[in-house]
Amino acid sequence: MMDVPSANQSQTPCQPWVGQKGWSTASPPGHLYDPLPSFQHLNPGSPSTPCYSHIQVSSPNFQRDLTAISLNNNAPHSVPYVNNADQSVQRVIPDVSSTIPAASQGRNMNEGMQPCDTQRVSLNFPHNPYQAAAHHFQHPYTQQGSVNGPQSPHQNHLPIRPPSFGNQSPQCIPQPAFEGANAGSSVTFTHSHASPTSPTQQQPQWTLPPHSGGSINQFAPSAAAQVKSFTPPSPNSESRYGLDPELLPSAVKVMAEDWAEWEGKVFIAEPFSGLPPLATTSCIVEDRGNASPSAIRSTSYCVPCEGQAALLSRLPLGALVTPLAKQSAEEQLLPLCKETECVVGCGRCGASMCPAMGWQDCGQRFYCPFCGKLSEVPWQHYQPTKGAEGVRVDKDKRPELSMGSYEILSSQKGEPAALLLAIDVSASALRGGHLEFVTQQILVLLNSMSREDGDALSEVRVGLMTYDSRIHLYDLSPELSRPHMLVITETEDLQLPVREGLLVPLNDCVSSIESVLQLIPQFNTEGADSGGVPMELPVKAGLAVLQGLSCPGKLLIFHTTSLIETGHTSSSSGFFGTNKPKSIFQPSESAVSVAKECVRQGCGVHLFVLSHQDVGGAWPGDIPYLTGGALHTYSHLQGELDRERFSTDLKRTVETDTGYKAELRIFVSKDLRVSGCYGLFVPGPNPGRVTMATLDRWTTLAVELAHSRALDESRGVAIQVVLSYTLQSGDRRTRVHTVTLRCSRQLQDTFRHYQAQTLLTFYCKKMYCAALERPLQELREELQTEVTEALACYRKHCCSASVSAGQLVLPQYLRALPVYINSLRKSEVLLPGLRSSVHQRLQQRCQVLRMDTCSTATHFYPVLLPLPLSAGSSNPPEPEEALRCSAASLEPRGLYLVHAPLTLLLWVGTQVPACTLVELFNTSCFSSLPSGETKLPVVENRLSVGIRSLIDTLSSRAPCTRKLWVVKQGDSCEEALQRHLVEDKSPNGGASYADFLYHLHVNSVRLLQ
């Protein structure tokens, strides 16, 4: 067990690693051990020799594609951590890390690794791989025993933060570690410790060589500053193997570097362009032939030519597609072309016209890269070509020839989308006392929509119905003096008695809807049915209305009573009637059947459960999420916070720009094929063609590609996404996104063009979809295995520098991949905790599946922002000033805001000044602060206004309405914060980032033995 290792092991000098609890460690030679609690427990009970090193690092030139971290077990060292993308040393940090023993040839690491002959290998980024070879150091003291904890009263556990400070003399004289370092720009770091048997350790000292032109303050804080800011580490932050988490690759630093690189710049999206900015970096994109990365983001921007090379890399080949991605205000709007004026695309495969097409015969024919065929150009669209490259003379005048993204307006117009409201009027709903508030909010929203003259929402057709065990439809025709109620008692086979008046333009029926909404809270509870309501009943009724009038739309259901599942289940499909593994994430057959009907009609279901229960009952979210809608849950709408959230959810649901009756087609180069598509939709037989009832700006799909034959390096790879959808007004549009990527026969080029955030989003969607059919433990194993084999492949085939077994080697842009993958593996969906309910996991899975890349990266690595303690100290922080998600980043004197797409937490330390509490919470006593879900009081001072403004800004970027939780240090609800400190051990048993990275490295090295 990685989290709580046992210390009761033998302390012989060459003790092999053994399994605990009497489990046999015999396993197949190729088995990789996993850091999850469900696998074998590892105890490295081996000796180690602490080395105290004097290290010089040359700074002029470093490799851009290599990150190497020394992992030397149980040995306090100095480790320089260098930004290899720069020409100067960034910082030098003391390390108490762990030595990774060399794996025995062909032997399982769980059985007999004997780390007796270990060597100290430190971080090295030389431009010449033959420079700066590490030396060995000997220390007069040998510290035997397990690294898991103290073995005697005289031995201390290795610290993971900067060691405690004392006045003892150093016990070891450091020596130079590297040869051939550039003396003119080198940095010398001296790290002195007390004896291993001493209870205190010497303060680390930062020194520069006399010939260095740098300043001490550039590399490390002063000793006084360290003593002042020192905070004892949290037990969850400690590593089993003595690794210092602060010296490991930082996702926060990667994002900050990317933000600094692209700040104020424009990314030119053109064919064969390089890596775009990270999804978390705000950047203006100029379309010059490639779609914006917000619409199509490839997992790798350099595709291997050979399929065998793609399999060897073990990293997925594909793209993330967000067809209706929102553009920034500074970017140019997508050009709109009329269907009759647009150049027709390929008549063989159906691909749309794009810059990837190649023109031949002076523009009379064009070559389609998606099918490899030639197509004739209609005479009305013919234009000659010019130049050696055969570019059409009207290229700059036609968006379909020069831009990666554009839209086509169809000449055929369909029915405009409708808004249908369904309200539960059962006995429990009428007795709940919240229907009056719900009807008031609906009426306020409809009145605000009707006053917006000229807006598409003011002309939307609206319908109203109520239900218990029966369906009540309302004829809202403006010719009637008052609405007529139509009661349907036969709910098995719904038949509409009339069609006219069920959907009426909003401006013509506001008064009629108002009269009905005012009467709903006054319905008689005696005649209402007090039993449960089948979860498909209101959906089928609303679907029948939309089908009767042949229009798409949104169905908003306001439900209160308990839901029951219906449908006949035969013995062959029962839980114990088949050998096929079952999953709690699998929707019922009846829910999938209803969802398919909604997809065909273009009906998006949004369910507002007003009295949600986490325990017991059927989960009602399958139909909403499979149709592009959402599930919103509340606790009887009794509190002010719940009511505010309901109003915000209702307004956002109605006003969000939505595409209806959508069909997504994916085209790839003829030598590739679409092997899978993952997302929140009803899957079909063809992964390259997806149909959806509705979608919005957040809807993102992951497309997996595979080689069918070798690629032509000169032509590259083209990926095109064509989305046909209907607007609110009924206009039919086709949005086209195309990217052209380069190919390479060098595997190193492929690794250099991967990004960790993109891989995280791809893995998340693939694994969360696979959770429907496969065991969760198997998915967690697969994640670790793929990343381990990818690191081993990079180490073997792409690492140009000579590295030892003690060095962890990562590609430049995948430095944050291990922390992302570990966060995904220990998420509530894949690794449930004791306090996570099934409904919460089902809800979280669907919410994360529909997120785009930026939201997914922020979900699995939240933004931890330090807040100012006074109005005059500083302005509210920006996201690029975030801290690492670890308890070690929290200080008792600080205020911290945790921003994630689904959660917003405000952590308050016990030593926050009273004046800060007064300015922010209007109270000076820490014990009287509110805890849990709350709302900051409106206090008119700069600090309060600034923090509330920051919270509003972050909430506007979130895909859903969030609660604000105030978490006090030491409070019982602090576990909610611990789940978001993803670098630490999680409450559900997930391993810490440091321990997971240790296992990744050991396993990757072992694969190469």
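Data block above holds the structure.
None of the values given here were measured: they were computed from a predicted structure.

Turning our attention to the overall build of the chain. The helix and strand tally for the chain stands at 22 helices and 42 strands. A buried classification covers 59% of the 1009 residues belonging to the chain. Of the roughly 40400 Å² that the chain leaves accessible, carbon and sulfur atoms contribute 49%.

It is worth spelling out the packing of aromatic side chains at this point. Counted according to the given criterion, the structure contains 15 aromatic pairs. Each ring, one from Phe558 and one from Phe608, has its centre 5.0 Å from the other, and the planes form 20°; the classification is stacked. Taken together, the residues Phe558 in strand β27 (residues 553-559) and Phe608 in strand β29 (residues 603-609) connect sequence positions 50 residues apart. Across the pair, exposure class does not vary: Phe558 and Phe608 are buried alike.

This part takes up the sheet that holds strand β39 (residues 895-900). The five strands are arranged β38-β39-β40-β42-β41 in an open sheet whose pairing can be described as mixed. The open sheet terminates on both sides in strands that have one partner only, identified here as β38 (863-867) and β41 (932-933). Alignment of β39 against strand β40 (residues 903-908), held across six bridges, turns out to be antiparallel. Its bridge partner lying in β40, His899 is registered against Leu904.

This part takes up helix α20 (residues 942-957). In this model α20 runs 23 Å from its N-terminal to its C-terminal C-alpha over 16 residues, within 8% of the 22 Å that 1.5 Å per residue would give. Contacts from the buried residues of α20 go to β38, β39, β40, α19 (914-921) and β42 (964-968). The N-terminus of α20 is capped by Asn941, whose side-chain oxygen sits 3.2 Å from the backbone nitrogen of Leu943.

On to the pattern of salt bridges, then. Enumeration according to the criterion identifies 28 salt bridges in this entry. The salt bridge partner of Asp671 is Lys670, with a shortest N-O separation of 3.4 Å. Accessibility expressed as a relative area gives 8% for Asp671, which makes it buried. Given a relative accessible area of 35%, Lys670 falls into the partly exposed group.

To continue, consider unusual backbone geometry. For Lys661, which is not a glycine, the phi torsion comes out positive at approximately 50°. Here Asn922, not a glycine, exhibits a phi torsion of approximately 65°, which is positive. Taking relative accessible area as the criterion, Asn922 reaches 56% and is therefore assigned exposed.

Backbone hydrogen bonds hold the strands of a sheet together, and the pairing may be parallel or antiparallel. If you trace the three strands from one edge of the open sheet to the other, you get β15-β16-β17, paired in antiparallel fashion. What marks the edges here is a single partner per strand, and that holds for β15 (358-360) and β17 (374-376). For this sheet, the mean inter-axis angle between neighbouring strands, taken without regard to orientation, is 30°. Here three bridges tie β15 to strand β16 (residues 365-367), and the two strands are oriented antiparallel to one another. Pairing of Gly358 across the sheet is with Tyr367, part of β16.

In terms of burial, strand β21 (residues 418-424) is a largely internal element, seven of the seven residues being buried. Burial along β21 is two-sided: Ala418, Leu420, Ala422 and Asp424 facing one way and Leu419, Leu421 and Ile423 facing the other are all buried. The pairing of β21 with strand β22 (residues 461-467) spans seven bridges and is classified as parallel. If you follow Leu419 over to β22, its bridge partner there is Val462.

In this section: the packing of helix α15 (residues 776-797) against helix α22 (residues 993-1007). One way to put it is that α15 packs onto α22 with a least axis distance of 8 Å and a crossing angle of 55°. Comparing the axis directions of α15 and α22 gives the class oblique. For α15 against α22, the interelement crossing comes out right-handed. Across from Gln784, Val787, Thr788, Glu789, Leu791, Ala792 and Arg795 in α15, the residues of α22 making contact are Phe996, His999, Leu1000, His1001, Asn1003, Ser1004, Val1005 and Leu1007. Within the contact of α15 with α22, the residues separate by chemical class into seven nonpolar, six polar and two charged.

Reading the values: rules and limits
Residues numbered from 1 in each chain as written. Predicted model: local features only at pLDDT ≥ 70, side-chain atom pairs only at ≥ 80, totals over all residues. Heavy atoms only, no water. Helix = DSSP H or I, 4+ residues; strand = E, 2+ residues; numbered from the N terminus. Buried < 20%, exposed > 50% of the residue type's maximum accessible area, 1.4 Å probe, protein only. Areas by Shrake-Rupley, 256 points an atom, 1.4 Å probe, with all protein chains shown as cover. Phe/Tyr/Trp six-rings, centres within 6.5 Å; stacked < 30°, edge-to-face > 60°. Pairing = 2+ DSSP bridges. Expected span 1.5 Å × (residues − 1). Contact = heavy atoms within 4.5 Å. Polar contact = N/O pair within 3.5 Å; in protein donor to acceptor, adjacent residues only side chain to side chain. Salt bridge = Lys/Arg side-chain N within 4 Å of Asp/Glu carboxyl O. Axes fitted to C-alpha atoms, helices over the stretch in contact; angles between N-to-C directions. Parallel < 35°, antiparallel > 145°, perpendicular 65-115°, else oblique. Left-handed = near helix turned anticlockwise from the far one by under 90°. Nonpolar A, V, L, I, M, F, W, Y, C, P; charged D, E, K, R; others polar.

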